[in-house]
Amino acid sequence: MSTSQADAATVPAAGGPARPASATGARTRGQHQRRKRIVQAAAALASRGGVEAMQMRTVAERAGVALGTLYRYFPSKMDLVVAVVGEEIDLLEGSIDRRPPTAATPAGRAVDVLMRATRGLMREPELADALIRSLIMAQVETPFGDRMGGIVLRVAGRGRTVETAGEEQIALAGALAGVWVHELLEMLRGRRTYEQIQRRIEIAADRLLAGFPG
């Protein structure tokens, strides 16, 4: 075996001997799968009994991991809530990649995606209500609003990101995402119908995104 082949076959471990790259990869995959099981277990519990049902010991038992392992991945219940929300947003982004919105206007594309997100969350209304309420009261940094604003910016601005968009565009996309969160909560409280939310989002999108290039 050549020197380059030997280097490729091992990965140095900090403070210890080199480890085979395949072993490192297997460990990383195992960690990813374990984390995913934990998040899925937490979501399943929350969908039945809200965040109150996401007791850390119960989540660990359902995920088939030790309680100490759970705390290594998620030091608090709120960290776990944030991870569950992140998983939902990942699903939305995957949906956008597979089926991009086709509306001709920035507002139309934003409404398409926000109502798609609404339908996805309302499949599990108890989970949606628990997660959004918890995030509003969160004591930890949550990426929910920023990520939803980024999604609106991306679809309305045809691929724009916070790095390529102007400050005003970023602010307007974030404002529309904030309107959506508020309207979603109103629907979860029984104060809005799906049709009312859609109409309000359409009005807000038309006003807020009027200056976006088509």
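Treat the numbers as computed from the prediction; the structure is a model and nothing was measured. Here the residue numbers are simple positions, counted from 1 along each chain's written sequence. Restriction of local features to residues with pLDDT of at least 70 applies here, the model being predicted, together with a cutoff of 80 or more for giving and counting side-chain atom pairs; totals for whole chains, interfaces and linings are based on all residues. Think of the side-chain values as coming from all heavy atoms in the structure, minus any hydrogens and water.

(A) Molecular detail of the overall build of the chain. Helix and strand labels come from DSSP, where a helix needs a run of H or I of at least four residues and a strand needs a run of E of at least two; each type is numbered from the N terminus. The number of helices and strands found in the chain is 10 helices and two strands. From first element to last, N terminus to C terminus, the chain shows the α and β order α-β-β-α-α-α-α-α-α-α-α-α. The burial tally for the chain puts 40% of its 214 residues in the buried class. Nonlocal contacts in the chain, meaning residues at least 24 apart in sequence, comprise 66% of its contacts between residues at least 6 apart. Within the structure as shown, the chain displays about 11800 Å² of accessible surface, and the carbon and sulfur contribution to it stands at 52%. The rule is simple: take the accessible area with a 1.4 Å probe, protein chains only, and divide by the maximum for that residue type; under 20% is buried, over 50% is exposed, in between is partly exposed. Throughout, a residue-residue contact means that at least one pair of heavy atoms, one from each residue, lies within 4.5 Å. With residues, only the protein chains shown are counted as cover, and all accessible areas are computed by Shrake-Rupley using a 1.4 Å probe.

(B) Looking closely at the side chain of Q169. As for its position among the elements, Q169 is in helix 9 (residues 167-188). On the basis of relative accessibility, which here comes to 17%, the residue Q169 falls in the buried class.

(C) Structural detail: helix 3 (residues 56-63). Restricting attention to buried positions, one finds in helix 3 the residues M56, V59, A60 and A63. Within helix 3, the buried residues cover an arc of 100 degrees as seen down the axis, which keeps them to one side. Facing away from the buried surface of helix 3 by more than 90 degrees, the exposed residues are R57 and E61. The reported arc concerns the directions from the helix axis to the C-beta atoms and nothing else.

(D) Layout of the UniProt feature "DNA-binding region" (unreviewed entry) in the chain. The UniProt record annotates "DNA-binding region" (unreviewed entry) at residues 55-74. What you have in residues 55-74 is 75% helix and 0% strand, and the ends, taken at the C-alpha atoms, are 12 Å apart. UniProt positions are given in the numbering used here, feature names are shortened, and annotations may be inferred rather than shown by experiment.

(E) How the structure looks around the nonpolar core. By size, the foremost hydrophobic cluster in this structure holds 61 residues, and its most contacted members are V59, M148 and W180. Put simply, the parts of the chain that give this core at least two residues each are helix 2 (21-49), helix 3, helix 5 (77-98), helix 6 (106-122), helix 7 (125-136), helix 8 (144-156), helix 9 and helix 10 (194-208). Think of a nonpolar core as a cluster: buried Ala, Val, Leu, Ile, Met, Phe, Trp, Tyr and Cys residues, connected wherever their side-chain atoms sit within 4.5 Å.

(F) Highlighting the environment of Q196. With respect to the helices and strands, Q196 occurs in helix 10. In this structure the C-alpha to C-alpha distance between Q196 and E183, which are 13 residues apart in sequence, comes to 9.0 Å.

(G) Molecular detail of the pattern of salt bridges. A pair is scored as a salt bridge if a Lys or Arg side-chain nitrogen falls within 4 Å of a carboxyl oxygen belonging to Asp or Glu. Counted according to the given criterion, the structure contains 11 salt bridges. A salt bridge links R116 to D112, with the shortest nitrogen-to-oxygen separation between them at 2.9 Å. Here the residue R116 and the residue D112 both occupy positions in helix 6, the gap between them amounting to four residues, near one helical turn. Owing to a relative accessible area of 26%, D112 belongs among the partly exposed residues under this scheme. We note a salt bridge from E186 to R191, for which the minimum N-O separation is 3.4 Å.

(H) Molecular detail of the environment of T105. Relative to the helices and strands, T105 is located in the loop between helix 5 and helix 6. Classification of T105 as partly exposed rests on a relative accessible area of 42%. In sequence terms T105 and V155 are 50 residues apart; their C-alpha atoms lie 9.9 Å from each other. Here a polar contact means two N or O atoms within 3.5 Å. Within protein one must be a hydrogen donor candidate and the other an acceptor candidate, and residues neighboring in sequence count only if both atoms are side-chain atoms. Engagement of the side chain of T105 in a polar contact is seen with the backbone nitrogen of G108, the distance being 2.9 Å.

(I) Broad picture of the packing of aromatic side chains. What counts as a ring pair is set by centres within 6.5 Å for rings of Phe, Tyr and Trp (its six-membered ring), and what kind of pair is set by the plane angle: stacked under 30 degrees, edge-to-face over 60, tilted for all other angles. Overall, the coordinates contain one aromatic pair when judged by the stated rule. A centroid spacing of 6.5 Å and a plane angle of 35 degrees characterise the contact between Y73 and F74, whose relative ring orientation is tilted. Taking the relative accessible area as the measure of exposure, Y73 reaches 25% and is therefore partly exposed. Taking relative accessible area as the criterion, F74 reaches 3% and is therefore assigned buried.

(J) Representation of unusual backbone geometry within the structure. In this model, R158 sits at a positive phi of 50 degrees, which is unusual for a non-glycine residue. As for its placement among the helices and strands, R158 is situated in the loop between helix 8 and helix 9. By relative accessible area, which is 56% here, R158 ends up exposed.

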